[in-house]
Every structure is written in structure tokens, then in C-alpha cells.
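Architecture and fold: a report
One letter stands for each residue in the lines below.
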Amino acid sequence: MTQFGTVTDATVVLGIETSCDETAAAIVMGGTDVLSSVVSSQIDIHAKFGGVVPEIASRAHLELIRPVVAEALGTAHIHHERIDAVAVTVGPGLIGALLVGVAAAKATAFALDVPLIGVNHLEAHLYAALLDDPNLEFPAVVLLVSGGNTLLLFMDGPGSYRLLGATIDDAAGEAFDKVARFLDLGYPGGPAVDLAAQRGDPRAIEFPRAMLHDGLDFSFSGLKTAVMNHVRKHPDVSSDDVAAGFQAAVVDVLVTKLLRAARETSARSVVLGGGVAANSLLRSEVERLAAAEGFRVALPSRAMCTDNAAMIAAAGWYRLRDHGPSQLDIGAVPNLSLVADTVRTNRAASHRDRR
Amino acid sequence: MGQSVKLLAIDTATEQVSVAVGDAHHVDAALHVASDRRHVEALVPAIQLLLGNLGISVHELSAIAVDVGPGLFTGMRVGLTTAQTLADLAEIPVVGIDSLSVVAHGALAVSPVDVDDADIVVPILDARRSQVYWSMHRNNFSTTNTLEEVRRPRVGDVAELLEDVMDRGQRALIVGTGANRYAEQLASCPETVRMGDRSGSTAFPFDPHVPHASVLLRLAAARVETGAVINAVEPLYLRPPDAEINWVTR
Ligand SMILES: [Zn+2]
């Protein structure tokens, strides 16, 4: 059994993730060495509803958790006796979905007599880039963009970060989903808009860039409304052009603010995370513009951008090393925020530094 | 009594959480938490406390028993996931028992009514949205010391339940949270008689209208002793999922 304080490069963490519509398990050694990462997506099950149906997702997690964990162990050629700690997403996410993963993680930690580590799903996204590039240079500015979040964070190193900016209304991924649904492009919205945009002309329609020169916060609800108004006024407009114009506006705002934040904080690297980080225009623009200004660029692979359990295990390894295990009576927290968690994390860190 | 099987029973199919350790004849330890739906918070610490006090580990158990519902979906899933995971890691069987059977058998212990062989026992659990879950059991108490299920668990409104009871034309001994919630409507049927209301009973210190792990333990242990065990359990939802859309995406 690994005790708090003896977390090493050989420490094997089982990660479990069930916060939304992906049942995932992974085995990660030493916080960065991914021995296996299994993701079972329920996209097909939810596609006909055009969104994630919580009760359907929860039922699927219950069916999938056992085979997914077994596959993660099998692929890593690890017997369960070799697991040193169990990390699990405790929030944010759908309560019924989270509960399946938390129950499985607790039972595993208890039966194997190893530490349990509750992990913030958003914080875990920050570790995805580290998994792909363990030599990532800090300080870094991280743009975390998903269906539920649009956040700009300054990261000194693993486990130490502060919020620079966030969306004041819709998340970027939410805007992608709503526009995809409005244009009938399919589900999930991110890849659907990305594909249509590649066929369209991004300069055909000029959509507004809200708050482009105004701080590090974001707003996307006005853009979504502008798209809808344009299509209502011009019913014959090409959906591909609308998708391209919309995507160009979102990416322009995201990249502009990411680079401004990097400049203002004298960061060495810029990092992308979250499901929207798989967007092809966002990736190419960040790569092009950040390189031009001399920032190192960390673009996690698509598999690491989207929800997975390797990032949960990695975040768990750092959390165990720096803050110790969670209690067995923890619950799932559907609206767990990164900021509140960050405050706690940073307070604990500064306390330790003073000793 | 010789080498007996030792089971851990987990019941989280309603708002309450209960766990028990023992065999078909004895409850070595039991714990009940009126959890207010904090199933995932309460369950593993409760198991840890019980096993710790008995000085045994999960690996010394011969099987895990779990209430598979029908009941509260989130609670059922916490119980099923926990039971299945513990059983897999300890490499022991897992036994699923439905919540209505647990309520029916629990009620026998505290019933103020003498259960006659001609009666049927009807456990009824509140399913919300003006519906109830129920099943029917024939009394085999005189011969086999148990109840025999004659109607599989089902879901429906109270009118359907009453129709089902009338169709059988037997005295129906009703018990469970559904029997309480719809007491007035159910009393309109001349065949129904309430069970489980012996106040101040010391024989069974728990609410007899809610499934409890100590009863589940006894039913599951009897099944293990006859060798009828399996290695995977499935939930008994009885209702399709709500296709209520929540626009959450990754
Ligand atoms: Zn995510």
C-alpha cells in the first residue's frame, strides 16, 4: 500500500471517469506514464435525443463500468493487486452518472486497502497536456474549452493554478452544440460544425466577436443569437458558410484572449484542453499564432482533449502526492467548481511552503 | 453449527441505507442509516465499520448480497456497483434479491396479523408519480418457512394494483412504503389487510415498510446454501428511462 508521502514514479493509479456520457478507466504510473486508457462512448445512444439523457447515461455507466475497468487492467497487463491508489471524478457532472464511478472507486479502494482520491474533472483536463508532453514548460496559460466550460487559467506547475478569465454566459462548446442543432448538422455539435466549416467560406459572413478587446472573460450567447438571426433573415444561406463564419468568430476570440493572457502573465507555454480543443481550426490557429510569438505550444492529442480517465489518474497522482487521499465518505458534487477547488488547493500549497 | 457461509448484505434501493453481516440464521452485525439519499457517502464507511468491528475482511466473506430494486434508481446503482466491485475483487459470488421480496419477508417478523395459508402477501413500494411497485407471495410458512413468489415485481398505478388484488380473490396482506402512502385508497378494497404495524416491536427494530439488509441477508444466505449463486447482478428498473433532455455535452 502506498502511504501519503511515498508517492513515487512507480505508483500505479487506477483512474475512473463517469461524469457525462463516457465510461472511462485508465492505469497511469508515476503520474505521466499511461499504461492503458479505455473510453467507452455513449454518443450513439444519445445521438437520437440530440443531447445527453441523464438517466440513460447512468444506466449505461452501470453496465459499462465493470468491463471498462477490466479492459483497462487487461490492456495494462496489471493485476488489481498492483493498484496503489484509485482516483475518480467527483464532479462537476451529472449526479447519477458520477455516482456509478464514485461507488466503483470507493469499493475498489476499500477492498484493496489503498487510498481513494476524489478528482475535479476540470482540474484533470489540465493534466491531459502533461500526459502527452511531460516536459511541458511552466508557467503556462491553459485554455480549457468544453461543453460546460470556457476557462483561461494560469498554471505555475501541476496543482498550482489561478483563474484568469471565464465565460459570462454560454460555454464555447455549448454554442457549438446549439448552432449545430439550429443548422441541423448533427450530434455532437463540435465535430459536426468543424466538418461543415471545412466546406464553407469563413469570410462569407462576418459574425460579431464579443468582448474581443475587453479583458479575459468570454461571451458567446450574442454570437449564437447573431447566427440564428442571420439564418432567419437569409433562409437560403449555405449552412457550411454559416458554420465556417461562426467557427471563425469563436476561434478568433479564443485565440486572441489566450495569447493576450500569455503575454500579460509572461507565460512560457500555451496549452489547450477540453472537448473543443479537438477543433481543427482552433488547433491550427493556436499553433500558428503562438509559435509566431515564441510561446511553446502544447496541443494534447484528440484522445486526451476529450473526456478520458488517464487525465483523472494523472490528476489523482499529483493530488495524492501533494495533498493526500480523500476520505471514504466523500460524495459526488455535480456543480463542483474549479475556482473554489483552486482556492483550497492553493491555500494548502502555500501553507505547506511556509513549513 | 459447523462451517457456515458468511455474507455481507447491502440494501440501498430506497432512501435508506442498510448493511448486515451474517448467515441464514444469524445477523452478526447490522447498521441502518436513514441516509436522506446520501447512499454513496454512507455505504462504504458503514461496511468498513461493520467488518472492522467483526474483525473480518472482504476477502473472508463467502458472498455479497444486494437489493436489485425496484426502487430509487440512483440508490440501486450505488448498491449494485459497490456489491459487484467488492465481489469481483474478493473473487466471491454476488446474489441479487428484489426489494419487494425483502419487504414481504421482513413484514412477517413483525406482523400483528396471523398469516394464513390462504392469504397472499403483497409488498408495495412507492414508485412516485402516483405509481407503486408490487409483487405477490403465497404463504409457505408452515412447510418451508418462507414465502413463494406468485407474481413477479411490476409497476403501475394504485387502481391497477387493486384490480390485481381483486382478481386473486384472496385476503391480501399489504406492507411497504406504498401501502402507507396510499393507505386510504387501498383500504377501500375489502380484501386488503395491513401488515407490519406492530408498534414498539422489539423483534425487528427497523421500519418494516422499507427493505432492510438483515432480511436480505437471510434470503441471500439461504440461496447461497442451496448453491444457486451467480457472478453478475442486474438492476430491476421496471420503468424505461425518462428521455427528458438535459443539454449537457462534453
Ligand atoms: Zn471534460
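On a predicted model such as this, the values are computed, not experimentally measured, just so you know. (Residues numbered from 1 in each chain as written. Chains lettered and ligands numbered in written order. Predicted model: local features only at pLDDT ≥ 70, side-chain atom pairs only at ≥ 80, totals over all residues. Heavy atoms only, no water.)

In this section: the environment of E15(B). By the secondary structure assignment, E15(B) is in the loop between β1 (7-11) and β2 (17-22). Of the residues examined, E15(B) reaches a relative accessible area of 31% and is grouped as partly exposed. (Helix = DSSP H or I, 4+ residues; strand = E, 2+ residues; numbered from the N terminus. Buried < 20%, exposed > 50% of the residue type's maximum accessible area, 1.4 Å probe, protein only.)

The subject of this paragraph is the pairing of strand β8 (residues 160-166) of chain A. The two faces of the sheet receive side chains in turn, since in a regular strand these alternate between them. Residues and elements named next belong to chain A. Pairing analysis gives 6 bridges linking strand β7 (residues 150-157) to β8, with the strands arranged antiparallel. Looking at β8, one finds that L153 is bridged to L163. Between β7 and β8, which pair antiparallel in sequence order, lie 2 residues; one of them, G159, sits at a positive phi of approximately 85°. (Pairing = 2+ DSSP bridges.)

Turning our eyes to something else, we now look at the interface of chain B and chain A. By convention, interface size is frequently given as the accessible area that disappears when the constituent parts associate. With 38 residues of chain B at the interface, the matching set in chain A holds 44 residues. Summing the contributions of chain B and of chain A, the shared interface buries around 3500 Å²; its carbon and sulfur component is 68%. Our count for the chain B to chain A interface comes out at 2 salt bridges. Taking the shortest distance from any N to any O, the salt bridge between D88(B) and R66(A) comes out at 2.7 Å. (Contact = heavy atoms within 4.5 Å. Buried area = accessible area lost by both parts, 1.4 Å probe. Salt bridge = Lys/Arg side-chain N within 4 Å of Asp/Glu carboxyl O.)

Bringing the domain arrangement of chain A into the picture now. All names here are of chain A. Structurally, chain A comprises domain 1 (12-129 + 305-354) and domain 2 (137-299). In this structure, domain 1 and domain 2 have C-alpha centres spaced 26 Å apart. Counting from both sides, the interface comprises 22 residues of domain 1 and, opposite them, 22 residues of domain 2. Looking only at domain 1, the three residues that lose the most surface to domain 2 are L122, L126 and C305, adding up to 31% of its buried area. (Domains from an automatic or database assignment.)

The next point concerns the coordination of the zinc ion. Residue and element names in this part refer to chain A. Coordination of the zinc ion by the protein involves H121 (NE2), H125 (NE2) and D307 (OD), with metal-donor separations of 2.0 to 2.1 Å. On the primary sequence, the residues serving as donors to the zinc ion are separated as H-x3-H-x181-D. Residue H125 is found in helix α4 (residues 121-132), and its partner D307 is found in the loop between α10 (302-305) and α11 (310-323); the two are separated by 182 residues along the sequence. According to the relative accessible area criterion, D307 is buried, its value standing at 6%. (Donors = N, O, S within 2.8 Å, 3.2 Å for Na, K, Ca; no water.)

Attention now moves to the sheet that holds strand β5 (residues 94-97) of chain B. Residues and elements named next belong to chain B. The strand order β3-β2-β1-β4-β5 describes an open sheet built from 5 strands, whose pairing is mixed. Two strands in the sheet have a free side with no partner beyond their single neighbour: β3 (27-33) and β5. This sheet shows a mean twist of 15° between the axes of neighbouring strands, independent of strand direction. Where β1 and strand β4 (residues 63-67) come together, 4 bridges link them in parallel fashion. Within β4, the residue paired with L7 across the bridge is A63. This element, helix α1 (residues 39-54), spans β1, β2 and β3 of the sheet and lies at about 20° to β2. Against the sheet, helix α3 (residues 99-110) contacts β1, β4 and β5, and its axis sits at roughly 75° relative to β5. (Axes fitted to C-alpha atoms, helices over the stretch in contact; angles between N-to-C directions.)

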